[in-house]
Every structure is written in structure tokens, then in C-alpha cells.
Amino acid sequence: MTEIAEKVNCTNCGGPLKLEAGEVIVTCEYCGAALNMAVGKKYFLRHAIIPNRYSPEQVSAMARQWMGGGFLKPEDLARKAQIRELFLTFLPFFVVHVAASSKYEGVLTRTGQNIPKKGDFTREYHWKILGRRASAFPTKEYEIPLSGKVDFDLAHVSKNAKFLNAEMDEREAQTRLRQEIEEHHKFLLSSEMDVIQTIKTDLEIKNTEFVHAPAWFLKYEYKQKLYELIFDGASGVVVKGDIPAPDDTSTKGFFKKMLGG
Ligand SMILES: [Zn+2]
């Protein structure tokens, strides 16, 4: 891996590109063109963005509401938690419209007999692959709000937001896609059989889009510990919500309430 920070200019407008090591698809902050650094050319996939719809104040209010409601949260959470960090990030996703066909052979053993099973099935997906290597973002749990998507335009990148470039191109994303879909299909088959002997998955890729989607990352402090909340910046849905483990006293309180005592 070379760490040399080369000076590279946008092939579309000539502006200087801000590049970080490992970034492969880079969006020019002057003209908004997405460039594939491996080939030094303008990126050919459709580049879309999902605009953010919330202000920091609204997200803080949403966090308070989340803290104050729902099951298994400490009673004083909304009152005592302090928001320590709050920022908006545009995350790069490859969204692949794909028909995935799996052929499988396996054995059902749970009945006490070995019953051979084989067959095939096809499912269609809009599968998303986050274009970053090291990320704790829960992509699987995240429903990317594609209905809000528009053609990429820098005007939709909110001021003060972080903007992440992709660290992989769509080829690598497709390799991941294949692994993830096959894992998912194995999971689907696990209800029908106990041993999967062979599985072969063919992908028919109908379309791939490069989409930047907004996520609000929030850290709050409660009893000297930090917890993370992530909100979808288009829908306001909680993508991830760390809940402090109940301490002894609040657990007692909880059971007391349950028992009506
Ligand atoms: Zn440019």
C-alpha cells in the first residue's frame, strides 16, 4: 500500500481532489463528478444522493424522544443523558438490483432420518454494500430509503457534513455481494435442512447504482459511559441505538413495576 499523497486534479473540472489513502471512487468537491481513481476517469455508474431532511436540533430532539420511550431503557435516561457528539455523514453505498438463483443439495436430519433435499430458487434484491472497509455501520439493519434518491448534486451535501468516498469499486462490491447473498440463502435454507452439501449461486445483475445516503451519528454519555445512536437522515428511523444495561437498582424497579408492587 502506498501512502503517498499525490496531487491529483479532477478530470472533469481540473479542481484539486482531496484524496485519502485507500479511496477508490472520489467525488470532486468542486463539480460533483465521481471519479474512479484506479483508471483516472469519470465514474460510469449512476451516482445518486439521498438528501438529509433533519437539522442537528431536530436530531437531538429525536434522540431525547428515543431515550424517553420504549422498553428496557433506564427510567432516567432522557433526563440524565448528555449528548456529546452529533454529526451528519454521507455514506457511500453500491445498490445492486440483482436476481440471485441458488441450486442446492442437502440433508434434513432433525426428524431422525436422513432425508435428502435438493432444489433451486431465485430471489430478487436491491442489495446494498457499504463502500468502506472499516465501518461499524450496521448495513444489514439499515433500510436505505431509496424513494428519496435524486441524481447526485453537491447542493444536496449539507454544509458541515462529513462526506465519505468509497474505498472499493463495484467489482469488489460485487464480490462481497455474492458472499453476502450466498450467506443469506444458506440462512433461508436452514429452515428446510440441517446440512447443506452444495450450494451454487448465480447472480444476474440488472443494475448497479452508487448512492450517498445521510446518517446522523450521535454519542451520548450516561453514568460516565458513552453510547452510540445512529439515525437515518432521510427517514429519521433509528438505525442503531445503544441502550445502557440496567443496573441492579433499576432492574429491581422494573420487576417491582411488573409485579405491581
Ligand atoms: Zn471536478
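Fair warning: this is a prediction, and the values are worked out from it, not measured in the lab. (Residues numbered from 1 in each chain as written. Predicted model: local features only at pLDDT ≥ 70, side-chain atom pairs only at ≥ 80, totals over all residues. Heavy atoms only, no water.)

### Brief notes about the sheet that holds strand β3 (residues 41-42)
Part 1: What the 3 strands build is an open sheet, ordered β1-β2-β3; its pairing is antiparallel. Of all strands in the sheet, those bounded by a partner on one side alone are β1 (25-27) and β3.
Part 2: Across 2 bridges, the pairing between strand β2 (residues 34-36) and β3 is antiparallel. Paired with L35 across the two strands is K42, which belongs to β3. (Pairing = 2+ DSSP bridges. Helix = DSSP H or I, 4+ residues; strand = E, 2+ residues; numbered from the N terminus.)

### Thoughts on the nonpolar core
Part 1: Membership of the largest hydrophobic core comes to 21 residues, with the highest contact counts inside it found for M67, L77, Y220, L229 and F231.
Part 2: At the level of secondary structure, the elements contributing two or more residues to this core comprise α1 (56-68), β5 (82-108), β9 (195-222) and β10 (225-232).
Part 3: At 5 residues, α1 tops the list of elements feeding residues into this core.
Part 4: With residues up to four places along the chain from it excluded, the contact list for F231 reads V59, M62, A63, P214, A215, W216, G236, V237, V238 and V239. (Core = buried A, V, L, I, M, F, W, Y, C linked by side-chain atoms within 4.5 Å. Buried < 20%, exposed > 50% of the residue type's maximum accessible area, 1.4 Å probe, protein only. Contact = heavy atoms within 4.5 Å.)

### Notes on the side chain of N52
Part 1: Secondary-structure assignment places N52 in the loop between β4 (46-49) and α1.
Part 2: Here the side chain of N52 touches Y54 through a polar contact of 2.8 Å, landing on its backbone oxygen.
Part 3: Within the structure, N52 has its side chain in polar contact with the side chain of W216 (distance 2.9 Å). (Polar contact = N/O pair within 3.5 Å; in protein donor to acceptor, adjacent residues only side chain to side chain.)

### A look at the environment of L188
Part 1: Looking at the element boundaries, L188 is found in helix α3 (residues 170-189).
Part 2: Among the residues examined, L188 registers a relative accessible area of 27% and is labelled partly exposed.

Take it as geometry only, folks, not as evidence of what the structure does.
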